[in-house]
Amino acid sequence: MKRRKFVKNVSMGIAALELGLLASCATDSLEEELLDYTLKAGKGKPPKTNPRNPLRIPNLFSGGQLHAGEYLADVGGGQTSRVWAFNDSFPGPTIEISRGEIFSPTFQHSLQDKSIVHWHGMLVDHENDGHPKFAFDSGKQYDYNFTVNQRATLNWYHPHPHGKTGEQVNMGLAGAFIIRDQEEQAKQLPAGDYEIPLIIRDVSFDRQGNLEYKPRSGGFVGKTFLVNGTTEPFIEVDRAVYRLRILNGSNARIFGFNLSNNDSFRLIGNDGGFLENEVSIENIVASPAERLDLLVDFRNVAAGESVMLRDAFSGWELLEFKVGNKLITTDVPAVSSTIQTLGNPARTRNFSFDGMSKINGQLYEMDRIDWEVPFNETEEWIFTTNGNAPHPVHIHGAYFQVQSREGGRNQLFPWERGWKDTVLLEDGETVRVLIKFDTPEVQGGTYLMHCHKLEHEDMGMMANFKVLNASV
Ligand SMILES: [Cu+2]
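Definitions and cut-offs
- Residues numbered from 1 in each chain as written.
- Predicted model: local features only at pLDDT ≥ 70, side-chain atom pairs only at ≥ 80, totals over all residues.
- Heavy atoms only, no water.
- Helix = DSSP H or I, 4+ residues; strand = E, 2+ residues; numbered from the N terminus.
- Buried < 20%, exposed > 50% of the residue type's maximum accessible area, 1.4 Å probe, protein only.
- Contact = heavy atoms within 4.5 Å.
- Areas by Shrake-Rupley, 256 points an atom, 1.4 Å probe, with all protein chains shown as cover.
- Pairing = 2+ DSSP bridges.
- Donors = N, O, S within 2.8 Å, 3.2 Å for Na, K, Ca; no water.

Caption draft 1: Region of interest: the overall build of the chain. When helices and strands are tallied, the chain shows six helices and 32 strands. Expressed as a percentage of its 472 residues, the buried residues of the chain come to 61%. By sequence separation, contacts in the chain at least 24 residues apart represent 76% of the contacts at least 6 residues apart. As displayed, the chain has an accessible area near 18600 Å², and 47% of this comes from carbon and sulfur atoms.

Caption draft 2: Highlighting the pairing of strand 14 (residues 233–239). The element strand 14 is extensively covered by neighbouring structure, given that five of its seven residues are classed as buried. Both strand 1 (residues 53–54) and strand 14 contribute to a ladder of two bridges, which runs parallel. Bridge pairing in strand 14 places N53 opposite P233. In the sheet, strand 14 pairs with strand 22 (residues 317–327) via five bridges, with the strands oriented parallel. The residue bridging R239 from the neighbouring strand is L327, located in strand 22.

Caption draft 3: Spotlight on the coordination of the copper ion. Those protein atoms acting as donors to the copper ion are H391 (ND1), C451 (SG) and H456 (ND1), and they sit at 2.0 to 2.1 Å. Mapped onto the sequence, the residues coordinating the copper ion show the spacing H-x59-C-x4-H. Remark: H456 occurs in helix 6 (residues 454–459) and H391 occurs in strand 27 (residues 391–395); sequence separation between them is 65 residues. Of the two residues, H391 and H456, both sit in the buried class.

Caption draft 4: Structural detail: the sheet that holds strand 6 (residues 106–109). Sheet architecture is open: four strands sit in the order 3-2-6-8, paired in mixed fashion. Where the open sheet ends on each side, the last strands, each with one partner, are strand 3 (79–86) and strand 8 (142–143). Note: strand 2 (residues 65–76) against strand 6, four bridges, orientation parallel. Opposite A68, over in strand 6, you have H109 as the bridge partner.

Structure representation (C-alpha coordinates):
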(Lines give C-alpha, C1' and ligand atoms only; values in the text may rest on other atoms or scores of the structure.)
Protein backbone atom coordinates (compact mmCIF):
# COMPACT_ATOMS: atom_id res chain seq x y z
CA MET A 1 0.00 0.00 0.00
CA LYS A 2 1.29 3.46 -0.82
CA ARG A 3 2.24 5.46 2.25
CA ARG A 4 0.42 8.62 1.19
CA LYS A 5 -2.92 6.82 1.01
CA PHE A 6 -2.35 4.97 4.24
CA VAL A 7 -1.76 8.22 6.08
CA LYS A 8 -5.01 9.62 4.71
CA ASN A 9 -6.75 6.48 5.87
CA VAL A 10 -5.73 6.74 9.49
CA SER A 11 -7.96 9.74 10.01
CA MET A 12 -10.95 7.96 8.56
CA GLY A 13 -11.89 5.67 11.40
CA ILE A 14 -13.02 2.10 11.65
CA ALA A 15 -14.40 1.63 8.16
CA ALA A 16 -11.13 2.65 6.60
CA LEU A 17 -9.10 0.50 8.97
CA GLU A 18 -11.20 -2.49 8.03
CA LEU A 19 -10.59 -1.58 4.44
CA GLY A 20 -6.86 -1.51 5.07
CA LEU A 21 -7.16 -5.06 6.39
CA LEU A 22 -9.17 -6.07 3.37
CA ALA A 23 -6.77 -4.42 1.00
CA SER A 24 -3.87 -6.47 2.29
CA CYS A 25 -5.30 -9.49 0.50
CA ALA A 26 -6.59 -7.71 -2.61
CA THR A 27 -4.62 -7.06 -5.74
CA ASP A 28 -2.65 -3.82 -5.80
CA SER A 29 -4.76 -2.05 -8.38
CA LEU A 30 -8.08 -3.05 -6.86
CA GLU A 31 -6.79 -1.92 -3.50
CA GLU A 32 -5.99 1.48 -4.96
CA GLU A 33 -9.40 1.63 -6.56
CA LEU A 34 -11.23 0.75 -3.37
CA LEU A 35 -9.30 3.37 -1.47
CA ASP A 36 -10.04 6.00 -4.08
CA TYR A 37 -13.75 5.32 -3.85
CA THR A 38 -13.63 5.40 -0.07
CA LEU A 39 -11.95 8.76 -0.13
CA LYS A 40 -14.55 10.07 -2.57
CA ALA A 41 -17.54 8.64 -0.74
CA GLY A 42 -16.43 9.70 2.72
CA LYS A 43 -16.73 7.70 5.88
CA GLY A 44 -19.72 5.40 6.23
CA LYS A 45 -21.79 5.57 9.38
CA PRO A 46 -20.85 2.96 11.96
CA PRO A 47 -22.74 -0.32 11.62
CA LYS A 48 -25.92 -0.55 13.64
CA THR A 49 -26.03 -3.18 16.36
CA ASN A 50 -28.92 -5.61 16.81
CA PRO A 51 -31.73 -6.09 16.22
CA ARG A 52 -31.63 -6.15 12.44
CA ASN A 53 -34.74 -6.73 10.33
CA PRO A 54 -35.76 -9.88 8.43
CA LEU A 55 -34.87 -9.57 4.74
CA ARG A 56 -37.90 -9.28 2.47
CA ILE A 57 -38.04 -11.67 -0.47
CA PRO A 58 -40.53 -10.21 -2.99
CA ASN A 59 -43.32 -12.50 -4.21
CA LEU A 60 -43.31 -13.78 -7.77
CA PHE A 61 -45.25 -11.85 -10.41
CA SER A 62 -48.26 -13.92 -11.37
CA GLY A 63 -48.82 -12.25 -14.74
CA GLY A 64 -51.55 -9.92 -15.93
CA GLN A 65 -51.62 -6.42 -14.50
CA LEU A 66 -48.51 -4.58 -13.45
CA HIS A 67 -49.56 -1.38 -11.70
CA ALA A 68 -47.32 1.41 -10.40
CA GLY A 69 -48.59 3.65 -7.64
CA GLU A 70 -48.12 5.00 -4.17
CA TYR A 71 -47.80 2.46 -1.39
CA LEU A 72 -47.06 2.36 2.33
CA ALA A 73 -44.20 -0.09 2.72
CA ASP A 74 -42.94 -1.72 5.88
CA VAL A 75 -39.20 -1.21 5.51
CA GLY A 76 -38.37 -3.00 8.76
CA GLY A 77 -37.98 -2.06 12.40
CA GLY A 78 -41.57 -0.85 12.61
CA GLN A 79 -40.92 1.91 10.06
CA THR A 80 -43.62 2.52 7.47
CA SER A 81 -42.57 4.54 4.43
CA ARG A 82 -44.49 6.11 1.60
CA VAL A 83 -42.92 4.72 -1.57
CA TRP A 84 -43.94 4.06 -5.17
CA ALA A 85 -44.38 0.37 -5.86
CA PHE A 86 -45.33 -2.12 -8.55
CA ASN A 87 -48.40 -4.14 -7.42
CA ASP A 88 -48.00 -2.99 -3.80
CA SER A 89 -44.65 -4.73 -3.60
CA PHE A 90 -41.44 -2.92 -2.65
CA PRO A 91 -39.30 -3.78 -4.56
CA GLY A 92 -41.59 -4.97 -7.35
CA PRO A 93 -42.67 -8.61 -7.64
CA THR A 94 -39.96 -10.87 -9.06
CA ILE A 95 -40.64 -11.91 -12.63
CA GLU A 96 -39.42 -15.46 -13.22
CA ILE A 97 -39.78 -16.89 -16.69
CA SER A 98 -38.29 -19.68 -18.78
CA ARG A 99 -36.67 -19.24 -22.14
CA GLY A 100 -39.28 -19.78 -24.85
CA GLU A 101 -42.21 -18.49 -22.80
CA ILE A 102 -44.34 -15.49 -23.72
CA PHE A 103 -44.38 -12.50 -21.37
CA SER A 104 -47.47 -10.32 -21.78
CA PRO A 105 -48.23 -8.00 -18.86
CA THR A 106 -50.41 -4.91 -19.05
CA PHE A 107 -48.80 -1.89 -17.43
CA GLN A 108 -50.89 0.82 -15.76
CA HIS A 109 -49.97 3.51 -13.29
CA SER A 110 -51.41 6.20 -11.07
CA LEU A 111 -48.35 8.46 -11.04
CA GLN A 112 -48.48 12.19 -11.63
CA ASP A 113 -45.97 12.04 -14.49
CA LYS A 114 -45.90 9.85 -17.54
CA SER A 115 -44.36 6.41 -17.26
CA ILE A 116 -43.35 3.36 -19.29
CA VAL A 117 -41.53 0.20 -18.23
CA HIS A 118 -38.19 -0.95 -19.66
CA TRP A 119 -37.11 -4.59 -19.20
CA HIS A 120 -33.41 -3.99 -18.63
CA GLY A 121 -31.32 -6.65 -20.37
CA MET A 122 -34.20 -8.13 -22.37
CA LEU A 123 -33.60 -8.42 -26.11
CA VAL A 124 -36.98 -7.44 -27.50
CA ASP A 125 -38.53 -5.51 -30.36
CA HIS A 126 -38.66 -1.76 -30.02
CA GLU A 127 -42.33 -1.53 -29.01
CA ASN A 128 -41.65 -3.83 -26.06
CA ASP A 129 -38.44 -2.08 -24.98
CA GLY A 130 -40.05 0.76 -23.05
CA HIS A 131 -38.61 3.58 -25.16
CA PRO A 132 -39.45 6.94 -23.50
CA LYS A 133 -41.53 8.03 -26.50
CA PHE A 134 -44.09 5.43 -25.40
CA ALA A 135 -44.46 6.98 -21.93
CA PHE A 136 -48.12 7.61 -21.13
CA ASP A 137 -50.36 9.31 -18.58
CA SER A 138 -52.16 7.77 -15.66
CA GLY A 139 -55.48 6.24 -16.67
CA LYS A 140 -54.20 4.64 -19.85
CA GLN A 141 -52.40 1.33 -20.25
CA TYR A 142 -49.64 -0.31 -22.28
CA ASP A 143 -49.81 -3.94 -23.41
CA TYR A 144 -46.49 -5.74 -23.67
CA ASN A 145 -46.08 -9.02 -25.48
CA PHE A 146 -42.80 -10.73 -26.28
CA THR A 147 -41.23 -14.17 -26.28
CA VAL A 148 -38.22 -14.62 -24.03
CA ASN A 149 -35.41 -16.02 -26.17
CA GLN A 150 -32.06 -15.51 -24.45
CA ARG A 151 -29.73 -17.09 -21.88
CA ALA A 152 -30.58 -17.54 -18.22
CA THR A 153 -29.64 -14.47 -16.20
CA LEU A 154 -30.84 -11.86 -13.73
CA ASN A 155 -32.30 -8.86 -15.51
CA TRP A 156 -34.58 -6.23 -14.00
CA TYR A 157 -37.40 -3.85 -14.82
CA HIS A 158 -37.90 -0.18 -14.10
CA PRO A 159 -39.62 2.91 -15.58
CA HIS A 160 -37.90 4.81 -18.41
CA PRO A 161 -39.83 8.08 -19.04
CA HIS A 162 -37.40 10.76 -20.15
CA GLY A 163 -36.50 13.19 -17.37
CA LYS A 164 -38.33 11.19 -14.70
CA THR A 165 -36.52 7.86 -14.60
CA GLY A 166 -34.34 8.87 -11.64
CA GLU A 167 -37.30 9.85 -9.49
CA GLN A 168 -39.48 6.87 -10.36
CA VAL A 169 -36.73 4.31 -9.78
CA ASN A 170 -35.54 6.00 -6.61
CA MET A 171 -39.08 6.08 -5.18
CA GLY A 172 -39.19 2.29 -5.48
CA LEU A 173 -40.20 1.24 -8.99
CA ALA A 174 -37.80 -1.60 -9.75
CA GLY A 175 -37.93 -5.37 -9.64
CA ALA A 176 -35.99 -8.49 -10.59
CA PHE A 177 -36.56 -10.30 -13.91
CA ILE A 178 -35.06 -13.80 -13.75
CA ILE A 179 -34.71 -15.91 -16.90
CA ARG A 180 -34.34 -19.70 -16.58
CA ASP A 181 -33.05 -22.09 -19.24
CA GLN A 182 -32.00 -25.72 -19.66
CA GLU A 183 -28.30 -24.98 -19.38
CA GLU A 184 -28.87 -23.44 -15.97
CA GLN A 185 -31.11 -26.30 -14.87
CA ALA A 186 -28.45 -28.87 -15.79
CA LYS A 187 -25.96 -27.17 -13.47
CA GLN A 188 -28.13 -27.97 -10.43
CA LEU A 189 -27.20 -24.76 -8.68
CA PRO A 190 -28.57 -23.86 -5.24
CA ALA A 191 -32.29 -23.12 -5.67
CA GLY A 192 -35.40 -22.30 -3.67
CA ASP A 193 -34.40 -20.91 -0.27
CA TYR A 194 -30.75 -21.34 -1.29
CA GLU A 195 -31.01 -18.81 -4.12
CA ILE A 196 -31.45 -15.26 -2.84
CA PRO A 197 -32.28 -12.29 -5.09
CA LEU A 198 -30.77 -9.09 -3.67
CA ILE A 199 -31.67 -5.64 -4.96
CA ILE A 200 -29.25 -3.36 -3.17
CA ARG A 201 -29.53 0.43 -3.33
CA ASP A 202 -28.96 3.58 -1.34
CA VAL A 203 -31.89 5.62 -0.06
CA SER A 204 -32.81 8.70 1.95
CA PHE A 205 -35.78 9.14 4.27
CA ASP A 206 -37.43 12.40 5.28
CA ARG A 207 -38.31 13.23 8.91
CA GLN A 208 -41.56 11.28 8.67
CA GLY A 209 -39.66 8.23 7.46
CA ASN A 210 -40.91 8.45 3.87
CA LEU A 211 -38.62 7.97 0.90
CA GLU A 212 -37.16 11.26 -0.21
CA TYR A 213 -35.68 11.90 -3.64
CA LYS A 214 -33.35 14.88 -3.78
CA PRO A 215 -31.47 14.65 -7.07
CA ARG A 216 -28.01 16.15 -7.48
CA SER A 217 -26.46 16.71 -10.88
CA GLY A 218 -23.54 14.55 -9.76
CA GLY A 219 -25.98 11.74 -8.94
CA PHE A 220 -28.30 10.92 -6.04
CA VAL A 221 -26.47 10.12 -2.80
CA GLY A 222 -28.57 8.23 -0.27
CA LYS A 223 -27.80 8.50 3.42
CA THR A 224 -28.41 4.81 4.06
CA PHE A 225 -29.27 1.64 2.17
CA LEU A 226 -32.02 -0.89 1.49
CA VAL A 227 -31.71 -4.53 0.51
CA ASN A 228 -34.96 -5.75 -1.06
CA GLY A 229 -36.68 -2.75 0.49
CA THR A 230 -35.48 -3.68 3.98
CA THR A 231 -33.38 -1.48 6.26
CA GLU A 232 -30.49 -3.20 8.10
CA PRO A 233 -31.58 -6.71 7.03
CA PHE A 234 -30.61 -10.19 8.17
CA ILE A 235 -31.40 -13.62 6.80
CA GLU A 236 -31.06 -17.00 8.51
CA VAL A 237 -29.04 -19.45 6.47
CA ASP A 238 -27.89 -23.06 6.77
CA ARG A 239 -24.29 -24.17 6.66
CA ALA A 240 -24.57 -24.64 2.91
CA VAL A 241 -23.66 -23.14 -0.45
CA TYR A 242 -25.94 -20.25 -1.45
CA ARG A 243 -26.47 -18.50 -4.75
CA LEU A 244 -26.79 -14.70 -4.49
CA ARG A 245 -28.36 -12.85 -7.42
CA ILE A 246 -27.26 -9.26 -6.87
CA LEU A 247 -28.47 -6.13 -8.65
CA ASN A 248 -27.06 -2.70 -7.87
CA GLY A 249 -30.39 -0.88 -7.98
CA SER A 250 -28.95 2.51 -6.98
CA ASN A 251 -29.43 5.65 -9.04
CA ALA A 252 -25.75 6.55 -8.84
CA ARG A 253 -23.89 4.74 -6.05
CA ILE A 254 -21.12 2.25 -6.78
CA PHE A 255 -20.75 -0.68 -4.38
CA GLY A 256 -17.61 -2.64 -3.52
CA PHE A 257 -18.84 -5.97 -2.19
CA ASN A 258 -16.94 -8.26 0.14
CA LEU A 259 -17.62 -10.66 3.02
CA SER A 260 -16.74 -9.92 6.64
CA ASN A 261 -15.05 -13.31 7.10
CA ASN A 262 -12.71 -12.48 4.19
CA ASP A 263 -14.04 -15.47 2.28
CA SER A 264 -14.04 -15.32 -1.50
CA PHE A 265 -17.11 -15.18 -3.67
CA ARG A 266 -17.41 -17.65 -6.50
CA LEU A 267 -18.32 -15.29 -9.34
CA ILE A 268 -20.24 -17.42 -11.85
CA GLY A 269 -22.14 -14.86 -13.92
CA ASN A 270 -23.00 -11.23 -14.55
CA ASP A 271 -25.37 -9.11 -16.70
CA GLY A 272 -25.68 -11.55 -19.58
CA GLY A 273 -25.54 -14.89 -17.77
CA PHE A 274 -22.82 -17.38 -16.89
CA LEU A 275 -19.14 -16.61 -17.42
CA GLU A 276 -16.98 -18.94 -19.47
CA ASN A 277 -15.27 -19.96 -16.21
CA GLU A 278 -16.09 -19.06 -12.65
CA VAL A 279 -13.65 -16.85 -10.72
CA SER A 280 -12.80 -16.90 -7.03
CA ILE A 281 -12.64 -13.29 -5.85
CA GLU A 282 -12.79 -11.35 -2.58
CA ASN A 283 -13.76 -7.87 -3.80
CA ILE A 284 -16.24 -7.01 -6.53
CA VAL A 285 -17.23 -3.56 -7.76
CA ALA A 286 -20.72 -3.02 -9.18
CA SER A 287 -22.03 0.24 -10.61
CA PRO A 288 -25.75 1.03 -11.06
CA ALA A 289 -27.63 -1.61 -13.10
CA GLU A 290 -24.80 -4.15 -13.07
CA ARG A 291 -25.70 -7.68 -11.92
CA LEU A 292 -23.69 -10.42 -10.22
CA ASP A 293 -24.30 -14.15 -9.92
CA LEU A 294 -22.35 -15.36 -6.88
CA LEU A 295 -21.93 -18.54 -4.87
CA VAL A 296 -21.05 -18.19 -1.20
CA ASP A 297 -20.10 -21.11 1.01
CA PHE A 298 -21.23 -21.10 4.64
CA ARG A 299 -20.38 -24.78 5.26
CA ASN A 300 -17.24 -23.94 7.19
CA VAL A 301 -18.83 -21.18 9.26
CA ALA A 302 -19.52 -22.21 12.86
CA ALA A 303 -23.19 -22.51 13.81
CA GLY A 304 -24.34 -19.34 15.54
CA GLU A 305 -21.82 -17.13 13.75
CA SER A 306 -22.76 -14.28 11.42
CA VAL A 307 -21.22 -13.26 8.12
CA MET A 308 -21.79 -9.76 6.76
CA LEU A 309 -22.09 -8.76 3.12
CA ARG A 310 -20.33 -5.42 3.17
CA ASP A 311 -19.82 -2.39 0.98
CA ALA A 312 -16.15 -1.44 1.23
CA PHE A 313 -16.74 2.08 -0.11
CA SER A 314 -19.29 3.25 2.48
CA GLY A 315 -18.42 0.83 5.26
CA TRP A 316 -22.05 -0.33 5.35
CA GLU A 317 -22.83 -3.84 6.51
CA LEU A 318 -25.50 -4.50 3.92
CA LEU A 319 -26.81 -7.91 4.95
CA GLU A 320 -26.22 -10.20 7.90
CA PHE A 321 -26.22 -13.93 7.21
CA LYS A 322 -27.06 -15.66 10.52
CA VAL A 323 -25.64 -19.13 10.14
CA GLY A 324 -27.64 -21.92 11.81
CA ASN A 325 -26.89 -25.53 12.80
CA LYS A 326 -28.07 -27.41 9.75
CA LEU A 327 -25.17 -28.61 7.60
CA ILE A 328 -25.71 -29.40 3.94
CA THR A 329 -22.47 -30.84 2.63
CA THR A 330 -23.53 -30.85 -1.04
CA ASP A 331 -20.82 -29.26 -3.15
CA VAL A 332 -21.42 -27.21 -6.28
CA PRO A 333 -19.02 -28.28 -9.04
CA ALA A 334 -17.11 -25.59 -10.94
CA VAL A 335 -19.49 -23.58 -13.12
CA SER A 336 -18.59 -22.91 -16.72
CA SER A 337 -20.36 -22.04 -19.94
CA THR A 338 -19.71 -21.30 -23.59
CA ILE A 339 -19.29 -17.73 -24.76
CA GLN A 340 -19.09 -17.13 -28.47
CA THR A 341 -16.36 -14.53 -28.88
CA LEU A 342 -17.05 -11.49 -31.04
CA GLY A 343 -14.22 -10.39 -33.33
CA ASN A 344 -13.24 -8.54 -36.51
CA PRO A 345 -15.44 -5.45 -36.19
CA ALA A 346 -16.78 -4.08 -39.46
CA ARG A 347 -16.44 -0.50 -38.22
CA THR A 348 -15.64 1.64 -35.19
CA ARG A 349 -17.79 4.28 -33.49
CA ASN A 350 -16.55 6.73 -30.87
CA PHE A 351 -18.69 8.05 -28.04
CA SER A 352 -17.62 10.75 -25.63
CA PHE A 353 -19.63 11.06 -22.42
CA ASP A 354 -19.42 14.80 -21.91
CA GLY A 355 -19.98 16.55 -18.61
CA MET A 356 -23.15 15.39 -16.90
CA SER A 357 -25.68 15.56 -19.70
CA LYS A 358 -24.28 14.97 -23.19
CA ILE A 359 -22.98 12.27 -25.50
CA ASN A 360 -20.71 13.50 -28.31
CA GLY A 361 -21.65 17.06 -27.37
CA GLN A 362 -25.40 16.52 -27.75
CA LEU A 363 -28.29 16.47 -25.31
CA TYR A 364 -30.87 13.73 -25.80
CA GLU A 365 -33.71 14.47 -28.18
CA MET A 366 -36.62 12.06 -28.32
CA ASP A 367 -37.07 12.17 -32.10
CA ARG A 368 -33.46 12.41 -33.27
CA ILE A 369 -31.70 9.24 -34.46
CA ASP A 370 -27.97 9.71 -33.94
CA TRP A 371 -26.63 6.70 -35.81
CA GLU A 372 -27.78 3.60 -37.66
CA VAL A 373 -26.40 0.12 -37.04
CA PRO A 374 -26.53 -2.64 -39.66
CA PHE A 375 -28.16 -5.83 -38.38
CA ASN A 376 -25.90 -8.76 -37.49
CA GLU A 377 -22.57 -6.97 -38.00
CA THR A 378 -19.96 -6.78 -35.25
CA GLU A 379 -18.94 -3.22 -34.40
CA GLU A 380 -16.36 -1.70 -32.11
CA TRP A 381 -17.71 1.03 -29.85
CA ILE A 382 -15.24 3.16 -27.92
CA PHE A 383 -16.32 5.10 -24.82
CA THR A 384 -14.37 8.04 -23.43
CA THR A 385 -15.18 10.79 -20.99
CA ASN A 386 -13.91 14.29 -20.48
CA GLY A 387 -14.97 14.55 -16.85
CA ASN A 388 -17.78 14.14 -14.35
CA ALA A 389 -17.49 10.36 -14.32
CA PRO A 390 -18.32 7.75 -13.15
CA HIS A 391 -20.65 6.99 -16.05
CA PRO A 392 -22.08 3.45 -16.13
CA VAL A 393 -22.68 3.08 -19.88
CA HIS A 394 -25.78 1.02 -20.77
CA ILE A 395 -26.94 -0.14 -24.20
CA HIS A 396 -30.39 -1.46 -25.13
CA GLY A 397 -31.02 -4.11 -27.79
CA ALA A 398 -27.83 -6.18 -27.51
CA TYR A 399 -25.19 -7.38 -25.07
CA PHE A 400 -21.54 -6.52 -25.66
CA GLN A 401 -18.10 -7.91 -24.82
CA VAL A 402 -15.67 -5.56 -23.11
CA GLN A 403 -12.27 -5.65 -24.84
CA SER A 404 -10.08 -3.20 -22.97
CA ARG A 405 -9.86 -0.29 -20.58
CA GLU A 406 -7.00 2.16 -21.03
CA GLY A 407 -6.21 5.01 -18.67
CA GLY A 408 -7.76 5.36 -15.22
CA ARG A 409 -8.03 1.90 -13.68
CA ASN A 410 -6.28 0.62 -16.81
CA GLN A 411 -7.53 -2.97 -16.69
CA LEU A 412 -10.55 -5.20 -17.10
CA PHE A 413 -11.97 -6.93 -14.06
CA PRO A 414 -13.29 -10.51 -13.81
CA TRP A 415 -16.89 -9.27 -13.41
CA GLU A 416 -16.57 -7.57 -16.82
CA ARG A 417 -16.00 -10.81 -18.74
CA GLY A 418 -18.64 -12.56 -20.80
CA TRP A 419 -21.75 -10.67 -21.90
CA LYS A 420 -22.45 -7.22 -20.47
CA ASP A 421 -25.12 -4.57 -20.98
CA THR A 422 -23.62 -1.99 -18.61
CA VAL A 423 -19.95 -1.08 -18.14
CA LEU A 424 -18.41 1.44 -15.77
CA LEU A 425 -16.50 4.32 -17.37
CA GLU A 426 -14.34 6.34 -14.99
CA ASP A 427 -12.52 9.61 -15.63
CA GLY A 428 -9.49 9.24 -17.84
CA GLU A 429 -10.65 5.88 -19.15
CA THR A 430 -11.15 4.64 -22.68
CA VAL A 431 -13.30 1.51 -22.71
CA ARG A 432 -13.57 -0.51 -25.90
CA VAL A 433 -16.41 -3.00 -26.48
CA LEU A 434 -17.52 -5.24 -29.33
CA ILE A 435 -21.25 -5.39 -30.01
CA LYS A 436 -23.48 -7.15 -32.52
CA PHE A 437 -27.22 -6.60 -32.90
CA ASP A 438 -28.29 -10.06 -34.01
CA THR A 439 -31.62 -10.70 -32.27
CA PRO A 440 -34.13 -10.81 -35.18
CA GLU A 441 -36.73 -8.81 -33.23
CA VAL A 442 -34.51 -5.73 -32.90
CA GLN A 443 -34.41 -5.08 -36.66
CA GLY A 444 -35.86 -1.72 -37.61
CA GLY A 445 -36.17 -0.63 -33.99
CA THR A 446 -34.97 2.49 -32.20
CA TYR A 447 -32.86 1.75 -29.13
CA LEU A 448 -31.00 3.72 -26.49
CA MET A 449 -27.50 4.16 -25.23
CA HIS A 450 -27.28 6.12 -22.00
CA CYS A 451 -25.51 6.76 -18.76
CA HIS A 452 -27.14 4.63 -16.04
CA LYS A 453 -26.37 7.23 -13.42
CA LEU A 454 -30.03 8.13 -13.61
CA GLU A 455 -29.57 11.84 -12.92
CA HIS A 456 -27.17 12.07 -15.89
CA GLU A 457 -29.63 10.13 -18.03
CA ASP A 458 -32.51 12.41 -17.04
CA MET A 459 -30.44 15.51 -17.85
CA GLY A 460 -29.83 14.23 -21.36
CA MET A 461 -26.86 11.83 -21.38
CA MET A 462 -28.74 9.48 -23.68
CA ALA A 463 -28.93 8.87 -27.43
CA ASN A 464 -31.21 7.08 -29.92
CA PHE A 465 -29.82 4.76 -32.56
CA LYS A 466 -31.63 2.63 -35.09
CA VAL A 467 -30.91 -1.00 -35.95
CA LEU A 468 -31.35 -1.49 -39.69
CA ASN A 469 -33.19 -4.41 -41.26
CA ALA A 470 -31.10 -7.29 -42.55
CA SER A 471 -30.24 -6.71 -46.18
CA VAL A 472 -32.11 -9.16 -48.37
CU1 LIG B 1 -22.97 9.71 -16.37
